[in-house]
Amino acid sequence: SARPVRYRFGPASSADHSGVPRTDQRIDVSAHSPAETIQTGGCSIVVRRVGGPGAAELFLLGQPPVGASGAAEQAESVYGAIRAALEARGGGCESIVAETVFLRSLRGDLAAVRAARERVLSACGGRPVRPATSEIEQPPLAEGSRLEVSVHAILPSEPPLRVETIEAAPSCGC
């Protein structure tokens, strides 16, 4: 496990003429933990966990299984694998605060991906899961993949996670 790096800032010495104010304060800087790649449900999920004093942050990248044909099937597999990875680490669908969906074809795949996402995440029970979502037409690296999903999740040290839904209509009227 990575050990924190400790820096100590002290008063400027007479040899230091940088003019930068200094304090006699210590700060701890934690090195990022290495990413872990897991296989679940045929999907590849890369997970990085960053610990903090009040919560741990999880960054996940989900890639669909090789051989899955359409966008809907790939999306169901990826979101199911992300859900399993979160649950294995003490979280759940409600832990997701932001996601970015990278699609091979925004026009061709978006509706199917959204419907599959809704099916998987609504099975989590309770309230609907509605993180900040960006959907981008950026083809995945794997040739047969229709999508990849990047997720940012928060796991508080002391549950429950407080979630507030803020509804807003776009100003453009679209």
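Refer to the structure presented above.
Here the structure is a predicted model, which is why all the values come from computation and not from measurement. Starting from 1, residues in each chain are numbered consecutively following that chain's sequence as written. Local features are withheld for residues below a pLDDT of 70 in this predicted model, meaning they are given only at 70 or higher, and side-chain atom pairs are given and counted only at 80 or more; totals for whole chains, interfaces and linings count all residues. To get the side-chain values, take all heavy atoms of the structure and skip hydrogens and water.

With mixed pairing, 6 strands are arranged side by side in an open sheet as E3-E4-E5-E8-E6-E7. Bordering the open sheet on either side are strand E3 (36–40) and strand E7 (132–137), each of which pairs with just one other strand. Strand-to-strand twist of the sheet, defined as the mean angle between neighbouring strand axes without regard to direction, takes the value 20 degrees. Pairs of residues are marked as contacts when any of their non-hydrogen atoms sit within 4.5 Å. Only the contacting stretch of a helix is used when fitting its axis, a line to C-alpha atoms as for every element, and angles between N-to-C directions run 0 to 180 degrees. Numbered from the N terminus, helices here are DSSP runs of H or I no shorter than four residues, and strands are runs of E no shorter than two. Most of the contacts of helix H1 (residues 71–88) go to strand E8 (residues 147–156), to which it runs at about 20 degrees, and overall it touches E3, strand E4 (43–51), strand E5 (55–63), strand E6 (96–103) and E8. Against the sheet, helix H2 (residues 106–122) makes contact with E6, E7 and E8, and its axis sits at roughly 145 degrees relative to E6, the strand it touches most. Should DSSP find at least two bridges between two strands, the strands are regarded as paired.

Below, the discussion takes up the pairing of E5. Walk down a regular strand and you will see the side chains alternate between the two sheet faces. Buried residues are those whose accessible area, probed at 1.4 Å on protein chains only, stays under 20% of the maximum for their type, while exposed residues exceed 50% and partly exposed ones sit between those limits. With burial as the criterion, only one face of E5 is covered, namely that bearing Ala 56, Leu 58, Leu 60 and Gly 62; the residues Ala 55, Glu 57, Phe 59, Leu 61 and Gln 63 on the opposite face remain uncovered. In the sheet, E4 pairs with E5 via 8 bridges, with the strands oriented antiparallel. Following the sheet pairing, Arg 48 is matched in E5 by Phe 59. Joining the antiparallel neighbours E4 and E5 is a turn of 3 residues. In this structure, E5 lies alongside E8, joined through 8 bridges in antiparallel fashion.

This brings us to the environment of Ser 122. Relative to the helices and strands, Ser 122 resides in helix H2. The exposure class of Ser 122 is partly exposed, given its relative accessible area of 45%. With 29 residues separating them in the primary sequence, Ser 122 and Cys 93 have C-alpha atoms 8.9 Å apart. Here the side chain of Ser 122 touches Glu 118 through a polar contact of 2.8 Å, landing on its backbone oxygen. N or O atoms closer than or at 3.5 Å make up a polar contact, with two conditions inside protein: a donor-capable atom paired with an acceptor-capable one, and, for residues adjacent in sequence, both atoms drawn from side chains.

Here a salt bridge means any side-chain nitrogen of Lys or Arg lying within 4 Å of a carboxyl oxygen belonging to Asp or Glu. In total, this model carries 6 salt bridges according to the counting rule given. We note a salt bridge from Glu 87 to Arg 83, for which the minimum N-O separation is 3.1 Å. In this pair, Glu 87 and Arg 83 are both assigned in helix H1, 4 residues apart and thus about one turn of the helix distant. On the basis of relative accessibility, which here comes to 43%, the residue Glu 87 falls in the partly exposed class. Assessed through its relative accessible area of 23%, Arg 83 is described here as partly exposed.

A separate point is the nonpolar core. Side chains that are nonpolar tend, in soluble globular proteins, to be buried together. Put simply, buried Ala, Val, Leu, Ile, Met, Phe, Trp, Tyr and Cys residues joined by side-chain atoms within 4.5 Å make one nonpolar core. Judged by nonpolar contacts, the single largest core of 30 residues is most densely connected at Ile 45, Leu 60 and Val 149. Secondary-structure elements contributing two or more residues to this core are E4, E5, H1, E6, H2 and E8. Residue contributions to this core peak at 8 residues, all from H1. If we skip the residues at most four places from it in the chain, Val 149 touches Leu 60, Leu 61, Gly 62, Val 78, Tyr 79, Ile 82, Glu 99, Thr 100 and Val 101.

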